[in-house]
Amino acid sequence: EAQVTQNPRYLITVTGKKLTVTCSQNMNHEYMSWYRQDPGLGLRQIYYSMNVEVTDKGDVPEGYKVSRKEKRNFPLILESPSPNQTSLYFCASSVTGYYGYTFGSGTRLTVV
Amino acid sequence: AQRVTQPEKLLSVFKGAPVELKCNYSYSGSPELFWYVQYSRQRLQLLLRHISRESIKGFTADLNKGETSFHLKKPFAQEEDSAMYYCAPPRYTDKLIFGTGTRLQVFP
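Heads up: these notes are all about the structure in this document. What you are looking at is a predicted structure, and each value in this text was computed from that prediction instead of being measured. (Residues numbered from 1 in each chain as written. Chains lettered and ligands numbered in written order. Predicted model: local features only at pLDDT ≥ 70, side-chain atom pairs only at ≥ 80, totals over all residues. Heavy atoms only, no water.)

### Observations regarding the overall build of chain B
Counting its regular elements, chain B contains zero helices and 10 strands. Counted from the first residue to the last, chain B has its helices and strands arranged as β-β-β-β-β-β-β-β-β-β. Excluding contacts between residues fewer than 6 apart, the proportion of contacts in chain B whose partners are at least 24 apart in sequence is 57%. Surface summary for chain B: the accessible area is close to 5600 Å², and the carbon and sulfur share equals 49%. (Helix = DSSP H or I, 4+ residues; strand = E, 2+ residues; numbered from the N terminus. Contact = heavy atoms within 4.5 Å. Areas by Shrake-Rupley, 256 points an atom, 1.4 Å probe, with all protein chains shown as cover.)

Given below as structure tokens:
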């Protein structure tokens, strides 16, 4: 089944403790992207990648890192999480943006 | 700057009433626009893309270049249409940036 898989689905962590949210797609898509979803703010793009080793900042990249060493994986790294990064995170991929994105199930992160 | 605006945060209608979810964009070129839907506690799903001129779940959307709009319409709302709807504006350097979304509530 074609899908985007995120892990974990839920995560509670403490301020400053590094964490990684994984994202994997099995559709050989070139484009991948991370979003955070907050009430009243909609979806905001954190980082996106157009291909292996090609990444760029979205609208809210501060406090996040990404890497794209393989086509299928696009992990989101929070080196030193803070409470304002408590949010619902979505990973998405697309063969190109022209056809729209396929989204993962989301990761609900709480930083205390 | 390229923008998309969804002016309504919440739209409430009764079952069977017509629905129009508004989306306006600012873009000087040829836009490629999408509507996404997010049902409660689920992932976003692509609902419509204007290039294909599809009708999915009774929804349609027409690109109006004169008004720079891509409103989502359905003639008779159903309770199962209750969800968050996001308009995705013109693709810009492969960034897909969403509007702030409109929550549609359909009452029985």
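### Remarks on the pairing of strand β5 (residues 42-51) of chain A
Residue and element names in this part refer to chain A. The buried fraction of β5 is high, at seven of 10 residues. In terms of strand pairing, strand β4 (residues 31-38) meets β5 through seven bridges, oriented antiparallel. Of the residues in β5, the one forming a bridge with Met-32 is Ser-49. Here β4 hands over to β5 after three residues, with Gly-40 in that stretch at a positive phi of 80 degrees. Pairing analysis gives four bridges linking β5 to strand β6 (residues 54-57), with the strands arranged antiparallel. Considered in β6, the bridge of Ser-49 is made with Thr-55. Between β5 and β6, which pair antiparallel and follow one another directly, the connecting turn spans two residues, one of which, Glu-53, has a positive phi of 65 degrees. (Buried < 20%, exposed > 50% of the residue type's maximum accessible area, 1.4 Å probe, protein only. Pairing = 2+ DSSP bridges.)

### Topic: the sheet that holds strand β1 (residues 4-7) of chain A
Hydrogen bonding along the main chain pairs the strands of a sheet, whether they run parallel or antiparallel. If you trace the four strands from one edge of the open sheet to the other, you get β1-β3-β8-β7 (chain A), paired in antiparallel fashion. Taken across any chain shown, the strands that pair with only one partner, and hence form the sheet edges, are β1 and β7 (65-66) of chain A.

### Quick look at the environment of Ala-2 of chain A
All names here are of chain A. One can find Ala-2 in the segment before β1. Along the backbone, Ala-2 and Asn-28 are 26 residues apart, and their C-alpha atoms lie at a distance of 9.7 Å. Setting aside residues up to four positions removed in sequence, Ala-2 forms contacts with Asn-26 and Met-27.

### Let's talk about the environment of Gly-104 of chain A
Along the chain, the position of Gly-104 of chain A falls in the loop between β10 (102-103) and β11 (107-111). Residue classification places Gly-104 of chain A among the buried residues on the basis of a relative accessible area of 0%. Taking the C-alpha atoms as reference, Gly-104 of chain A lies 12 Å from Asn-26 of chain A; in sequence the two are 78 residues apart. Setting aside its immediate chain neighbours within four residues, Gly-104 of chain A contacts Val-4, Gln-6, Phe-90 and Cys-91 of chain A together with Arg-43 of chain B.

### Structural notes on the nonpolar core
By size, the foremost hydrophobic cluster in this structure holds 23 residues, and its most contacted members are Trp-35, Leu-47, Leu-72 and Tyr-85 of chain B. Taken together, the elements giving at least two residues each to this core come down to β2 (10-14), β3 (19-21), β5 (34-38), β6 (45-49), β9 (83-88) and β10 (102-107) of chain B. Here the element with the most residues in this core is β9 of chain B; it accounts for three residues. Counting residues in hydrophobic clusters, the runner-up holds 18 residues, among them Tyr-47, Val-60, Phe-74 and Leu-78 of chain A. (Core = buried A, V, L, I, M, F, W, Y, C linked by side-chain atoms within 4.5 Å.)

### Some details on the pattern of salt bridges
A side chain with one charge may pair with a side chain of the opposite charge, provided their charged atoms come close. Here the structure, examined in full by the defined rule, presents seven salt bridges over all chains. Between Lys-73 of chain B and Glu-20 of chain B there is a salt bridge, with its nearest N and O atoms 3.6 Å apart. Here the residue Lys-73 of chain B occupies a position in strand β8 (residues 72-74), and Glu-20 of chain B occupies one in strand β3, the gap between them amounting to 53 residues. Via salt bridges that share partners, Lys-18, Lys-65 and Glu-79 of chain A belong to a single interconnected network. (Salt bridge = Lys/Arg side-chain N within 4 Å of Asp/Glu carboxyl O.)

### Some remarks on the sheet that holds β3 of chain B
Residues and elements named next belong to chain B. Taking strand neighbours across the sheet as the criterion, the three strands line up as β3-β8-β7 in an open arrangement whose pairing is antiparallel. Of all the strands in the sheet, the pair left with one neighbour each is β3 and β7 (60-61). Of the strand pairs in this sheet, β3 and β8 are connected by three bridges, and their pairing is antiparallel. Bridge assignment links Glu-20 to a residue of β8, and that residue is Lys-73.

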